[in-house]
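Below, each chain spelled out in residue letters.
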Amino acid sequence: MDVFADADTQRAAHQAFKLGYDNGGFVADEVERVLDQLDIKSMCGLVYGSGFEAQPDLLERIESRLPLLGNRPIVVRNLKRPRQFFMLLDALHISHPDISFSPLDDTAGWLQKHAGGSGGTHVMQAPSGVAPQHGHYFQRAMPGEPVSVLFLADGQQIKVIGFNQQWVAPSAGMPYRYGGVVGHAELAASVKQQLILAAQKLTSAVGLRGLNSLDAVIDGERVWVLEINPRLSSTFDLYQSKDCNLFEWHVRACTTGLAGMTEALPIPKIAKARQVVYAPYDLVLPAEFAWPEWVADIPMPNSTIAADNPVCTVLAEADNATAAQALVLSRKAIIEDLIKTLKR
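A brief report on the enclosed structure follows.

**Side note on the pattern of salt bridges**
- In the structure shown here, the tally under the stated rule is 13 salt bridges.
- We note a salt bridge from E60 to R77, for which the minimum N-O separation is 3.0 Å. Of this pair, E60 sits in helix α3 (residues 56-63) while R77 is found in helix α4 (residues 73-79), placing the two residues 17 residues apart along the sequence.
- One connected set of salt bridges, linked through shared partners, spans D29, E32, D36, R61 and R65.

**Notes on the packing of helix α2 (residues 28-37) against α3**
- Running from amino to carboxyl end, α2 crosses α3 at an angle of 15°, the nearest separation of the two axes being 11 Å. On the basis of their axis angle, the class for α2 and α3 is roughly parallel. The chirality of how α2 crosses α3 is right-handed. Facing α2, whose interface residues are A28, D29, V31, E32 and L35, α3 presents L58, R61 and I62.

**Here's the deal with the sheet that holds strand β4 (residues 110-114)**
- Sheet architecture is open: four strands sit in the order β3-β6-β4-β5, paired in antiparallel fashion. At either end of the open sheet lies a strand with only one pairing partner, and these are β3 (99-100) and β5 (124-125).
- Across two bridges, the pairing between β3 and strand β6 (residues 136-140) is antiparallel. Its bridge partner lying in β6, S100 is registered against F138.

**Focus: the pairing of strand β9 (residues 178-182)**
- The element β9 is extensively covered by neighbouring structure, given that four of its five residues are classed as buried.
- In this sheet, β9 lies alongside strand β8 (residues 158-168) in antiparallel orientation, the contact comprising four bridges. Residue pairing in the sheet places Q165 in a bridge with V182 of β9.
- Both β9 and strand β12 (residues 271-278) contribute to a ladder of three bridges, which runs antiparallel. Note that in β12 the partner of V182 across the bridge is A273.

**Focus on the side chain of S100**
- Residue position: S100 is located in strand β3.
- Here the side chain of S100 touches S102 through a polar contact of 3.1 Å, landing on its backbone nitrogen.
- Apart from residues lying up to four places away in sequence, S100 is in contact with W110, P132, Y137 and F138.

**Examining the sheet that holds β8**
- With antiparallel pairing, the eight strands of this open sheet are ordered in space as β11-β10-β7-β8-β9-β12-β16-β14. Two strands close off the open sheet at either side, each with one partner strand: β11 (222-229) and β14 (295-296).

**Topic: the pairing of strand β16 (residues 310-318)**
- Relative to β16, β12 runs antiparallel, the two sharing eight bridges. Within β16, the position partnered with A273 by the bridge is A316.
- Pairing geometry for β14 and β16, over two bridges, is antiparallel. Looking across to β16, one finds that V295 is bridged to V314.

**Quick notes on α2**
- For α2, the full list of buried residues reads A28, V31, E32, V34 and L35. Along the axis of α2, the buried residues cluster in a sector spanning 155°; they form a single face. Pointing more than 90 degrees away from the buried face of α2 are the exposed residues D36 and Q37.
- Its buried side turned inward, α2 meets β2 (25-26) and α3.

Calculation rules
- Residues numbered from 1 in each chain as written.
- Predicted model: local features only at pLDDT ≥ 70, side-chain atom pairs only at ≥ 80, totals over all residues.
- Heavy atoms only, no water.
- Salt bridge = Lys/Arg side-chain N within 4 Å of Asp/Glu carboxyl O.
- Helix = DSSP H or I, 4+ residues; strand = E, 2+ residues; numbered from the N terminus.
- Axes fitted to C-alpha atoms, helices over the stretch in contact; angles between N-to-C directions.
- Parallel < 35°, antiparallel > 145°, perpendicular 65-115°, else oblique.
- Left-handed = near helix turned anticlockwise from the far one by under 90°.
- Contact = heavy atoms within 4.5 Å.
- Pairing = 2+ DSSP bridges.
- Buried < 20%, exposed > 50% of the residue type's maximum accessible area, 1.4 Å probe, protein only.
- Polar contact = N/O pair within 3.5 Å; in protein donor to acceptor, adjacent residues only side chain to side chain.
- Arc of directions from axis to C-beta.

Have a look at this one:
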């Protein structure tokens, strides 16, 4: 079940269903209509990814039908309540940027965020003289680079999968829109240790399960935690391989836990990068469009894509993160040049 239900998803799935997405969330009735069509008695559970952070109530409706292989809705709800989350960080002595729920006289250096938002499209310059809307909060912008750590958890213990570095693809109305990510990020040992400690503290405090990711900003060896994504993250694809089935490990961590898992995770050493390509204007992708082999999330033939919406994802891999990022950005430019040929 997916908002895009792109061509490669449909090839990989036994059944694929396209869902409506409106006002920052799934159309709940459509999700339930799809579940009505499925033989859920034959399923061991449902694994969910992004999009549910703002809809823990929908997760509860799903959980009443079949088990969730991931964090419970109450965990998602509490971690996406900004007052509770940042109070928890304070109680656990985890550094984070200053936040505010009061009107700001001087908004220089302050951002407004939506607690359940994803993809960076919800991050804006904070307005002056008004309190944040319900579900939003103000956060001080910190200097540095956005990074994350992907980890497995079983409610008590964690296993680190990898450290990642992100970058943005800004547009006129979305200055912090997600651009891309590279795995095996070259971070200082002290930074890695701070990220690991924060992930472990949060897991122990709220009982995180399965694959999760922790987002932060780093400046030198200083680390400020931004948020935790208590669900399957797109960064897991950076470490998934034929020999390292992270999806299986996610299910195992949610069901039997990490205790007794003495085998080492065979995490691939190669660095992978991913870059989203956005439509520069409204376009229609013809059926004969020649996609390179290093492209994923390919739209169905003759799809209409509105300006600023995702077109596809560009893939790259190399011996290290720096080389992988350079390659994925060069491939992004190739796709953008191909798209320009479609402009009428």
